[in-house]
Each structure stands twice: as structure tokens, then as C-alpha cells.
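If you want the building blocks of each chain, they are given just below.
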Amino acid sequence: MSFVRRAATVLAATTAVTVCLAVPALAHVTITPGSAEQGGFTKVAFRVPNERDDAATTKVEVAFPVDHPLAFVSVKPVPGWTVKVTEGKLPKPVKTEYGDLTEAVTKVVWSGGKINPGEFQEFEVSMGKLPSDTDALTFPTKQTYSGGEVVDWADPAKADGSEPEHPAPVLKLAPATGEGGHHDASASATASPMVSQVAAKPVAAASSSSDGTARLLGGAGLVVGVIGVVIGVLGLRRRSA
């Protein structure tokens, strides 16, 4: 019993230490997935956990890079939240394949909803084209609580590799591995719905074919069942005779 108690104590202590070390890392505002291909489009989610036990998160403000601006940004509605996308003039025009970019999205703000203690929320954004001349994009984020506290997730990475107290969400960019990440922006706005519609037709046809086959087999089974009942009745009658 003494050995069991000691083992249980050590296990409990180890678990407590592990949880304490893991909680701060999990509590940060992050961007997921954390990487994408250069020169393409991507969809990411800003994951915002609530770190307070006595207050709810009521506002999330994400700043977009102006040194590597994104020409196309769209947001996915979040039930219970109001979103505001702010565009502004860039410090200096940026040359793109579509011409000189003088304005771009500089900030996206979600407000009006609540992230209660012990909960998290994800705010999805589609954006592109991702720059090819940098290996990372930083999105400083401000998290506002119902008590008025504002946590600024804007600390840059430390030179020694250790994690800062309030790290800014970072999207790492890797060289494109194929042609999938280098499609035209106008095509990206229209190609996806078209692909979806085209893909839907074979699915519908397959579904219809499956339903027809199922009905045919069901009907055949019913006929066989009726024949079996008739044969059984005739057999009983013969035995009685």
C-alpha cells in the first residue's frame, strides 16, 4: 500500500507540473494552420482562447501586414459576432501582377459576441496572394475582455528561440511545391464554385443510381418473399390433405 501511495503521489505531481507547463502554451492566440505556400491563397483560422476565469472575451482585433499586403481578404461569418473589415492606404505602393497596390485590408475586428471562461472561438479568413519574398507574415492581435482588459498579442519572436509572454500569431510561408498555389486570383473567386457544381452532378447521379438499384433489389426481394409464402401455404395444404 505504501508503494502504491507513493506511485500515485508521484504521478499526481507529474501530471500537475505537465498541465501547468502546457496551459500557457495552449492559451495563446494562434493562427491555424500555421503554414502556407508562397504565391497562393489560403484559409486560416485565428484561434482565440479565453484566459480569464471572471470575464468573457468580447472583441478580437487582428492587424494585417502592410509591408506585405494581401490584395484579397474575405471573412467567414461567425454566429453572434459582428465583423468589420478596414481598408487603408499603404505607406508605399506595392507592385503586384495586378498592378500597383495602394490600398489593402489593414485590420479585421470581430465584436458583439462572447467567449466565456474555459472556451475558445475560431475566426476564419480567406486571403491571398501570399507574398513570395518573405518566409512569414505576422498578425498582431488585441483581445478585449468584458472587464475592460486588453491583451496585446504582438510580441515578436526572441532571438534566443524562447517564447515571449504575448507572442503575435505568425503564418509561416514555404516555397510552393506545385502549381496549385500559383493560380490566378480572378480564377480563385470563380473556379471553386464552378468546380463544386461540376462535382455535384456525378455525386447526384451516383446517388440516383444507388436509389434505383436499391429500389430494384427491394422489389425483387419482396417478390421472392411473396413466392416463398405461397409455396409454404401450398405445402401446408398438401400435408393436411
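Use the structure listed above.
First, a word on scope: everything that follows refers to the structure included in this document. (Residues numbered from 1 in each chain as written. Predicted model: local features only at pLDDT ≥ 70, side-chain atom pairs only at ≥ 80, totals over all residues. Heavy atoms only, no water.)

## Some points on the overall build of the protein chain
To keep things clear, this is the line we draw: Helix and strand labels come from DSSP, where a helix needs a run of H or I of at least four residues and a strand needs a run of E of at least two; each type is numbered from the N terminus. For each residue, the accessible area found with a 1.4 Å probe, counting protein chains only, is set against the maximum for its type, and the residue is called buried under 20%, exposed over 50%, and partly exposed in between. Computed by Shrake-Rupley with a 1.4 Å probe, the accessible areas treat only the displayed protein chains as cover when residues are assessed.
A tally of regular secondary structure across the protein chain gives two helices and 12 strands. Listed by position from the N terminus, the elements making up the protein chain come as α-β-β-β-β-β-β-β-β-β-β-β-β-α. Burial status across the protein chain gives 26% buried among its 241 residues. When the accessible surface of the protein chain is totalled, it reaches about 15,500 Å², and 60% of it is carbon and sulfur.

## Some thoughts on the pattern of salt bridges
Opposite charge on two side chains permits pairing when their charged atoms draw close. Our working rule: Each salt bridge in this description consists of a side-chain nitrogen of Lys or Arg and a carboxyl oxygen of Asp or Glu lying within 4 Å of one another.
Counting across every chain of the model gives six salt bridges. Arg47 is the partner of Glu122 in a salt bridge, and the nearest nitrogen-oxygen pair spans 2.5 Å. Residue Glu122 is located in strand 8 (residues 120-128), and its partner Arg47 is located in strand 3 (residues 42-49); the two are separated by 75 residues in the primary sequence. Relative accessible area serves as the criterion here: at 25%, Glu122 is assigned to the partly exposed category. Where Lys76 meets Glu124, a salt bridge forms, and the shortest distance between an N and an O atom there is 3.3 Å. With a gap of 48 residues between them, Lys76 in the loop between strand 5 (72-75) and strand 6 (82-96) and Glu124 in strand 8 connect regions that are remote in the sequence.

## Remarks on the sheet that holds strand 8
Here is the rule we go by: Note on pairing: DSSP must find at least two bridges between two strands before they are called paired. Helix axes are fitted only over the stretch in contact, all axes being lines through C-alpha atoms; the angle between N-to-C directions runs from 0 to 180 degrees.
Taken together, the four strands give an open sheet; going across it, the order is 1-3-8-5, and neighbouring strands pair in antiparallel fashion. At either end of the open sheet lies a strand with only one pairing partner, and these are strand 1 (30-32) and strand 5. The average undirected angle you get between the axes of adjacent strands in this sheet is 30 degrees. Bridge count between strand 5 and strand 8: four bridges; the pairing is antiparallel. Following the sheet pairing, Val75 is matched in strand 8 by Val125.

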